Amino acid sequence: YKVYLRNEHTLLSVFQRTAGTNYSAKQRLAVFYMYLCTVMVATGTFYGIEQKNPVNDVVASFLISFFGTLPAFIAKKLFINSKPKMVKSRKHEVRANDAGDATFVEQAKVFVQTRGGQMNTEDLEKHMSTLYDSKDSEQKIRAVSTIRQLVYDQVFPLPSCCRFATWTLLVLWSAGVCISAIVYGLQFDKLY
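Residues numbered from 1 in each chain as written. Predicted model: local features only at pLDDT ≥ 70, side-chain atom pairs only at ≥ 80, totals over all residues. Heavy atoms only, no water.

Details of the side chain of Lys83
Mapped onto the elements of the fold, Lys83 is located in the loop between helix H4 (54-81) and helix H5 (99-115). From its side chain, Lys83 meets the backbone oxygen of Phe156 in a polar contact 2.8 Å long. If sequence neighbours within four positions are ignored, Lys83 has contacts with Tyr152, Asp153, Phe156, Pro157, Leu158, Pro159, Ser160 and Arg163. (Helix = DSSP H or I, 4+ residues; strand = E, 2+ residues; numbered from the N terminus. Polar contact = N/O pair within 3.5 Å; in protein donor to acceptor, adjacent residues only side chain to side chain. Contact = heavy atoms within 4.5 Å.)

Here it is, written out as structure tokens:
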């Protein structure tokens, strides 16, 4: 529960995140700022409106929470699911040109998709030994690289360019709602 709270809570995750996540402190801070600006605008839409009964107050609070949380949730998921930048290995050049590799890739895809996030190293080692009985180290390197790439693609389904697109949308959204909050504030000053 503590790890979940440290990584998922909007404010606590800015200060108490766990190491090794795909969601940096800068991204968390920007998403929190977007959340605050959106909540200010959503609150400003209901400010000064007389609610006739308590149910309307609850509905207004729900709508403020929903409209404040939704853009932050979407931005967070886009950051988390986008691939990190790939760095080419200098030690091993992995080639997948053999005819046997195509069957291995298909079998590995089925294995990764059926196991999903419930994979451990023992299962992976057993499955690899059934697929590649060869003593050739190059084939083993190709097998490990193929499985690693399949798991990587499953964990990070979005391309790395989504990170830049998310930053762009986050900045534009935050600027727009911040300007709207300022306009609301100026109007309230005139009206009240």
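Focus on the packing of aromatic side chains
In the structure shown here, the tally under the stated rule is 6 aromatic pairs. Note on Phe62 and Phe66: the rings are 6.3 Å apart at their centroids and 15° apart in plane angle, and the pair reads as stacked. Highlighted residues: Phe62 and Phe66, both in helix H4, separated by 4 residues, approximately one helical turn. Pairing Phe66 with Phe67 gives two aromatic rings, centres 5.5 Å apart and planes at 65°, and the pair type is edge-to-face. Residue classification places Phe66 among the partly exposed residues on the basis of a relative accessible area of 38%. One aromatic cluster is present, formed by Tyr23, Phe79 and Trp167 through successive ring pairs. (Phe/Tyr/Trp six-rings, centres within 6.5 Å; stacked < 30°, edge-to-face > 60°. Buried < 20%, exposed > 50% of the residue type's maximum accessible area, 1.4 Å probe, protein only.)

Side note on the environment of Val177
With respect to the helices, strands and loops of the structure, Val177 is situated in helix H8 (residues 161-191). Put simply, Val177 and Ala42 are 135 residues apart on the chain and 9.2 Å apart in space, counted from C-alpha to C-alpha. In contact with Val177, not counting residues within four places along its chain, are Cys37, Thr38 and Val41.

Looking at the nonpolar core
General note: in soluble globular proteins, nonpolar side chains tend to be found buried as a group. Grouped together as the largest cluster of nonpolar side chains are 8 residues: Tyr23, Ala30, Val31, Met34, Ala72, Ala75, Phe79 and Leu170. Sequence-distant contacts of Val31, defined by excluding residues within four places in its chain, comprise Tyr23, Ala72, Ala75, Lys76, Phe79 and Leu170. (Core = buried A, V, L, I, M, F, W, Y, C linked by side-chain atoms within 4.5 Å.)

Some remarks on the state of the cysteines
Each disulfide is one covalent bond, formed between the sulfur atoms of two cysteines. All told, the structure shown has 0 disulfides when counted by the stated rule. Cys178 supplies the cysteine sulfur nearest to Cys37, a cysteine that is in no disulfide, at a spacing of 4.5 Å. We classify Cys37 as buried; its relative accessible area is 2%. (Disulfide = S-S within 2.5 Å.)

Quick word on the environment of Thr45
Its place among the elements puts Thr45 in helix H3 (residues 25-46). For Thr45, a relative accessible area of 35% corresponds to the partly exposed category. Separated by 136 residues in the primary sequence, Thr45 and Ala181 have C-alpha atoms spaced 9.4 Å apart.

A word on the pattern of salt bridges
Tallied over the entire structure, the rule returns 1 salt bridge. In this structure, the salt-bridge partner of Asp153 is Lys83, at a minimum N-O distance of 3.7 Å. With Asp153 in helix H7 (residues 137-155) and Lys83 in the loop between H4 and H5, this residue pair connects regions lying 70 residues apart in the sequence. Classification of Asp153 by relative accessible area gives partly exposed; the value is 32%. (Salt bridge = Lys/Arg side-chain N within 4 Å of Asp/Glu carboxyl O.)

Examining H3
Residues spaced three or four apart along an α-helix face the same direction, because each turn holds 3.6 residues. Helix length check: H3, at 22 residues, gives a terminal C-alpha distance of 32 Å against a target of 32 Å (1.5 Å per residue), a fit within 8%. Those residues of H3 that fall on the buried side of the exposure criterion are Gln27, Arg28, Ala30, Val31, Phe32, Met34, Cys37, Thr38, Val41, Ala42 and Gly44. Following H3 by one or two positions, Gly48 adopts a phi angle in the positive range, close to 85°. (Expected span 1.5 Å × (residues − 1).)

Examining a nonpolar patch on the surface
Residues Phe62, Phe66, Phe67, Leu70, Phe73 and Ile74 make up a contiguous nonpolar surface patch of about 600 Å² in total accessible area. With a relative accessible area of 35%, Leu70 lands in the partly exposed category. (Patch = residues over 30% accessible without salt bridge, like charges linked within 9 Å, V, L, I, M, F, W, Y side chains within 5 Å. Areas by Shrake-Rupley, 256 points an atom, 1.4 Å probe, with all protein chains shown as cover.)

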